[in-house]
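Chains, contacts and geometry: an overview
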Amino acid sequence: MLIVTGATGRLGALIVNRLLERVPAGRIGVSVRDVSKAADLVERGVRVRAGDFTEPDSLKHAFEGAERVLVVSAAIRGGGALTANSAAIDAAREAGAQRILYTSHQAASPTSLFPPQQVHAATEEHLERQGVPYTALRNGFYASTLGLYVSAALETGTLAAPQDGPVSWTAHEDLAEAAAVALTEDGALEGTTPPLSAPDTLDFAHVADILSRITGRTITRVVMDDNEWLSAAVAGGMPRSAAEFSLTMFAASRNGEFNATAPTLEATIGHPAKTVHDALEAVVRSR
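Residues numbered from 1 in each chain as written. Predicted model: local features only at pLDDT ≥ 70, side-chain atom pairs only at ≥ 80, totals over all residues. Heavy atoms only, no water.

**Topic: unusual backbone geometry**
- The phi angle at Leu189 is positive, at roughly 50 degrees, despite the residue not being glycine.
- Considering the arrangement of structural elements, one finds Leu189 in the loop between α7 (172-184) and β8 (191-192).
- Judged by its relative accessible area of 13%, Leu189 falls in the buried class. (Helix = DSSP H or I, 4+ residues; strand = E, 2+ residues; numbered from the N terminus. Buried < 20%, exposed > 50% of the residue type's maximum accessible area, 1.4 Å probe, protein only.)

What follows is the structure, given as structure tokens:
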């Protein structure tokens, strides 16, 4: 059985949908914190069981009969994320999984300025130590993140944010397809992958230019001082902890951490990856 964790999150749900296009529903199992949110998967014939990374004992039943397990990284900030990811990996090994997969990030590094990348790097190390064939999917930066900044730009005509750097903005849909390939095809994406990214890296100046072309309006990129942006974000209602977290992303991007691409994603999915233009068009249409 192919087990996917976090199947009610955006990436996990997309991965399950891609799996359903490739294998019978009876071969697919999912581990979710709240089974009531996966009723549609039950109706489609997917095995749904409760499992919580923060309650490792619950994973034994959730992962029962696993042939391969995909651990979608825990949506937790801080040290608890590594503990949760490691618990899921351990449970997959104990369940007898013949391959364990993990959704990492192309910038995973113990010295990253963006704390999640430190967690990904430590989780990769834990995964490698298990003595089980594994895949660390080094996903490009999720293009959906742009929506957090673009909405205000469409209102004001200015994309105001701290200094950034080029980022490998990549669509969830393409990454989900690559994960489904890795789960179902022998020999696909073994070990720690190259960056699974769209072919281009773009900074916010490029994003503003693309938005201008899509909307027919001039969207101006405005670079704000970090502290100025932090104060404005908090004044606008963003929790200070969230704003400070966002600042680490900008620091890492201008340090060049996300400025990496590889042809691996497109080669794996067999078609061109979605572009930033595609992602921004979707944001504009949704308004």
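**Quick notes on helix α5 (residues 115-128)**
- Counted at 1.5 Å a residue, the expected span for α5 with its 14 residues is 20 Å, and the 20 Å between its end C-alpha atoms agrees.
- If you check which residues of α5 are buried, you get Gln117, Val119, His120, Ala121, Thr123, Glu124, His126 and Leu127. (Expected span 1.5 Å × (residues − 1).)

**Observations concerning the sheet that holds strand β4 (residues 68-71)**
- Taken together, seven strands build an open sheet; the order of strands is β3-β2-β1-β4-β5-β6-β8 and the sheet is parallel. Since the sheet does not close on itself, it has two edges, and those belong to β3 (47-50) and β8, each with one partner.
- Here strand β6 (residues 134-139) pairs with β8 via two bridges, running parallel. Across the sheet, residue Ala136 finds its bridge partner in β8, namely Thr192.
- Sitting on the sheet, helix α4 (residues 80-94) is in contact with β4 and β5 (99-105), with an inclination near 160 degrees to β5.
- Packing against the sheet, α5 makes contact with β5, β6 and β8, and its axis sits at approximately 165 degrees to β5. (Pairing = 2+ DSSP bridges. Contact = heavy atoms within 4.5 Å. Axes fitted to C-alpha atoms, helices over the stretch in contact; angles between N-to-C directions.)

**Focus: the side chain of Thr103**
- Looking at where Thr103 falls in the secondary structure, it is placed in strand β5.
- We classify Thr103 as buried; its relative accessible area is 1%.
- A polar contact is formed between the side chain of Thr103 and the backbone nitrogen of Ser73, at a distance of 2.8 Å. (Polar contact = N/O pair within 3.5 Å; in protein donor to acceptor, adjacent residues only side chain to side chain.)

**A closer look at the packing of aromatic side chains**
- In this structure the tally under the stated criterion is ten aromatic pairs.
- Note on Phe114 and Phe258: the rings are 6.1 Å apart at their centroids and 85 degrees apart in plane angle, and the pair reads as edge-to-face. Here Phe258 lies in the loop between α10 (240-254) and α11 (264-269) and Phe114 lies in the loop between β5 and α5, a separation of 144 residues in the sequence. Phe258 shares its class with Phe114; the two are buried.
- Among the aromatic residues, those joined into a cluster by ring pairs are Phe114, Phe141, Tyr149, Trp169, Phe204, Trp229, Phe245, Phe250 and Phe258. (Phe/Tyr/Trp six-rings, centres within 6.5 Å; stacked < 30°, edge-to-face > 60°.)

**Thoughts on the layout of surface pockets**
- If you add up the space inside the second largest pocket, you get close to 230 Å³.
- For the second largest pocket, the lining is made up of 14 residues, of which Arg10, Ala171, Glu173, Ala279 and Ala282 are closest to its centre.
- Of all the secondary structure elements, the ones that give two or more residues to the lining of the second largest pocket are α7 and α12 (276-286).
- Among the elements that make up the lining of the second largest pocket, the one with the highest residue count is α12 (four residues). (1 Å grid on protein atoms, 1.4 Å probe; cavity = no way out; pocket = protein on both sides within 12 Å on 5 of 7 lines; lining within 4 Å. Points joined across faces, edges and corners; volume = space filled by probe spheres on them.)

**Here we look at the environment of Tyr102**
- With respect to the element layout, Tyr102 can be found in strand β5.
- Of the residues examined, Tyr102 reaches a relative accessible area of 0% and is grouped as buried.
- Separated by 22 residues in sequence, Tyr102 and Glu124 have C-alpha atoms that sit 8.0 Å apart.
- Apart from residues no more than four positions distant in its own chain, Tyr102 is found in contact with Leu70, Val71, Ser73, Asn85, His120, Thr123, Leu127, Thr135, Ala136 and Leu137.
- A distance of 2.8 Å separates the side chain of Tyr102 from the side chain of His120, its partner in a polar contact.

**Considerations on the packing of α4 against α5**
- Orientation of α4 relative to α5, taken along the N-to-C sense of each, is 25 degrees, at an axis distance of 10 Å. On the basis of their axis angle, the class for α4 and α5 is roughly parallel. Relative to α5, the crossing made by α4 is right-handed. On α5, the residues touching Ala81, Leu82, Asn85, Ser86, Ile89 and Asp90 of α4 are Val119, Ala122, Thr123, His126 and Leu127.
- Counted by class, the contact of α4 with α5 contains six nonpolar, four polar and one charged residues. (Parallel < 35°, antiparallel > 145°, perpendicular 65-115°, else oblique. Left-handed = near helix turned anticlockwise from the far one by under 90°. Nonpolar A, V, L, I, M, F, W, Y, C, P; charged D, E, K, R; others polar.)

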